[in-house]
Amino acid sequence: MVAKRRYRTSMNISRLLLAIFLSATASLAGNDELKERLQPALDAITPDGLLAHIKVLASDEFEGRSPGTKGEDLSVTYIADQFKRIGLKPGNPDGTYTQEVPLAGIKSEPRMSFAISGKTMDLKYADDFVASSARLQPEIKIEKSDVVFVGYGVVAPEYGWDDYKNVDVRGKTLLMLIGDPPVPDPKDPSKLDNKMFKGKAMTYYGRWTYKYEIAAQKGAAAAIIIHETEPAAYPWQVVKSSWAKENFELDNPNKNMDAVSARCWITLDVARRLLADCGQNFDGVKKSAVTKDFQPVTLNAKANIEIKQQIRSFKSHNVVGNLEGSDSKLRDEYIIYTAHWDHLGRHPELQGDQIFNGAIDNASGVASVIELAVAFTKINPPPKRSVLFMATTAEEAGLLGAKFYAEHPLYPLNKTLADINLDSMNV
Ligand SMILES: [Zn+2]
């Protein structure tokens, strides 16, 4: 059954890839002669070809492809070998198929409590809260920091939205709601206003990465996100298990000292208790946060957060192959096809099967990038512009490989016309 399903999946992927391939060459589609020239490329994309890569990358031997493990070595070698076999040139101008990405793996031991009018509210790690830091320091300590509820924590000038209203939050601990402000449609309050934060869709303002970034920009000491299953679209269990294991950060020269010191999540239940103990009502303040008139609420509470961190620095890798353009002028322009090679690795605390194989997310995307590379080499004459094929690292930890590439591009970004990213193909 599994094999059958896998086959059907790779059939679907191959159909989708044909569509991607045709759209990349759409201007040629009307011309019979050119269509004929493309046929060998289209024929090169097959379910068997895709499945072969997925089987290897998602095998137990690759241990779930976590950065900085044996799974990374195997994945990087496999993908680079495929690029070589296909006849791509090394994608790194230094003559290799890889770009080194300095990463730090961090295991944290956090503690958190609130002091509320002489009483201490101690939180239980993992059940009540999680906390981590992107700062590469062995210890983070925040003491007696004022707690300010800042609604959704959003500054969005294009929507005339500012949850801070010039309140100075430097050194303070921000308490925030997850997601975009769900602003009701004035004409039909049962629906969301499509003109505000794209209605039902999630904008970048709704993501946790944004919440921690704006907290850093505002000079806050810590940001605490209140978890709610519905707007987050995943249960507390996911928050708990994804932050309670080893996490990865870019190992930047500044050791990420520009990031907010502490990134925390608390459960809805803890948030309700905290607000009640401060003489506030969670539902009330939440309601006030979906209007432009919202004012930050300073709570009668001080936050104490301590995070001990075990840090290991290592080099991870993006894998890059280059199909050089055939036109001497346009060769300096690039189109990139990307897919992240990493997945969640292995969790030794689990009983039985401990490996997260990640066949769909994202062995399927990597297989697709490899097979697209094969297809592109069959076009005769070859494309005028250069096409880069790239498998990026540490996507699961916050798009770190892609972020590193954007900050340290191998080819000028102003000559990079497009990136088409493939993740979890058509299933
Ligand atoms: Zn993915």
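Within every chain, residues take consecutive numbers counted from 1 along the sequence as written. Local features are withheld for residues below a pLDDT of 70 in this predicted model, meaning they are given only at 70 or higher, and side-chain atom pairs are given and counted only at 80 or more; totals for whole chains, interfaces and linings count all residues. The basis for every side-chain value is the complete set of non-hydrogen atoms in the structure, without hydrogens or water.

A.B. asks: An account of the packing of helix 3 (residues 47–57) against helix 10 (residues 359–377) is requested, with residue identities and associated values reported.
C.D. replies: Between N-to-C directions, angles cover 0 to 180 degrees, with each direction set by a line fitted to C-alpha atoms, over the stretch in contact for helices. Put simply, DSSP marks the helices as runs of H or I at least four residues long and the strands as runs of E at least two long, and each gets a number from the N terminus on. Orientation of helix 3 relative to helix 10, taken along the N-to-C sense of each, is 135°, at an axis distance of 8 Å. Relative to helix 10, helix 3 is oriented oblique. The interaxial crossing formed by helix 3 with helix 10 has right-handed handedness. Seen from helix 3, the contacting residues are Gly 49, Leu 50, His 53, Ile 54 and Leu 57; seen from helix 10, they are Ala 359, Ala 363, Ser 364, Val 366, Ala 367, Ser 368, Ile 370 and Glu 371. Residues are grouped as follows: Ala, Val, Leu, Ile, Met, Phe, Trp, Tyr, Cys and Pro are nonpolar; Asp, Glu, Lys and Arg are charged; all remaining types, including Gly, are polar. Along the lines of polarity and charge, the residues of the contact of helix 3 with helix 10 split into 8 nonpolar, 4 polar and 1 charged. Between 65 and 115 degrees an angle is taken as roughly perpendicular, under 35 as roughly parallel, over 145 as roughly antiparallel, and anywhere else as oblique. In this scheme the handedness of a crossing depends on how the near helix is turned from the far one: anticlockwise by less than a right angle means left-handed, clockwise means right-handed. For this analysis, residues touch if any pair of their heavy atoms sits within 4.5 Å.

A.B. asks: Talk me through the nonpolar core; I want residue IDs and the actual numbers.
C.D. replies: What makes a nonpolar core is a set of buried Ala, Val, Leu, Ile, Met, Phe, Trp, Tyr and Cys residues whose side-chain atoms join them at distances within 4.5 Å. The classification of residues rests on relative accessible area computed with a 1.4 Å probe and restricted to protein chains. Under 20% of the type maximum is buried, over 50% is exposed, and intermediate values are partly exposed. Residues Phe 114 and Ile 266 are the most contacted members of the largest nonpolar core, which totals 66 residues. The leading source of residues in this core is strand 12 (residues 297–323), at 6 residues. Those residues in contact with Phe 114 that sit more than four places away from it in its chain are Lys 119, Thr 120, Met 121, Leu 123, Val 147, Ile 224, Leu 274, Lys 302 and Ala 303. If you look at the next biggest cluster of nonpolar residues, it comprises 38 residues, including Ala 41, Ile 45, Phe 62 and Phe 83.

A.B. asks: Explain the state of the cysteines to me, using residue names and the numbers behind them.
C.D. replies: Working definition of a disulfide: a covalent bond connecting the sulfur atoms of two cysteines. The disulfide definition used here is simple: a pair of cysteine sulfur atoms within 2.5 Å. In this structure the tally under the stated criterion is 0 disulfides. Free of any disulfide, Cys 264 has its nearest cysteine sulfur in Cys 278, 16 Å distant. The class for Cys 264 is buried, based on a relative accessible area of 0%.

A.B. asks: Which residues make up the coordination of the zinc ion, and what values do they have?
C.D. replies: Coordination of the zinc ion by the protein involves His 340 (NE2), Asp 361 (OD), Asp 423 (OD) and Asp 423 (OD), with metal-donor separations of 2.0 to 2.4 Å. Sodium, potassium and calcium take a 3.2 Å donor cutoff, other metals 2.8 Å, and in both cases only N, O and S atoms count; water is not among them, so sites may look incomplete. Taken in sequence order, the residues that donate to the zinc ion follow the motif H-x20-D-x61-D. One end of the pair, His 340, is in strand 13 (residues 334–340); the other, Asp 361, is in helix 10, with 21 residues separating them in the sequence. Residue classification places His 340 among the buried residues on the basis of a relative accessible area of 2%.

A.B. asks: Can you lay out the domain arrangement of the protein for me, pointing to particular residues and giving the numbers?
C.D. replies: For the protein, the assigned domains read domain 1 (2–102 + 312–421) and domain 2 (104–310). Domain boundaries shown here were taken from an automatic or database domain assignment. Just the C-alpha atoms count here: the centres of domain 1 and domain 2 sit 35 Å apart. Each side of the interface is counted separately: domain 1 has 13 residues, and domain 2 has 9 residues. The buried area of a pairing is the accessible area, by a 1.4 Å probe, that goes missing from both parts when the two are put together, added over both. It is Pro 102, Arg 312 and Leu 400 that lose the most area in domain 1 upon contact with domain 2, and together they represent 44% of the buried surface on that side. A carboxyl oxygen of Asp or Glu within 4 Å of a side-chain nitrogen of Lys or Arg is what we treat as a salt bridge. Summed over the shared surface of domain 1 and domain 2, the result is 1 salt bridge. For Glu 246, the salt bridge is made with Arg 312, and the minimal N-O distance between the two is 2.8 Å. Definition of a polar contact: a pair of N or O atoms within 3.5 Å, with one able to donate and the other able to accept a hydrogen when the atoms are protein atoms, and with sequence-neighbouring residues admitted only if both atoms are side-chain atoms. On the surface where domain 1 and domain 2 come into contact, there are 4 residue pairs in polar contact (both at pLDDT 80 or more). Those elements that place two or more of their residues in the side of domain 1 that touches domain 2 are strand 2 (98–116), strand 12 and helix 11 (400–407). Per-element accounting of the side of domain 1 that touches domain 2 gives the leading share, 4 residues, to helix 11. In terms of residue class, the side of domain 1 that touches domain 2 is built from 7 nonpolar, 3 polar and 3 charged.

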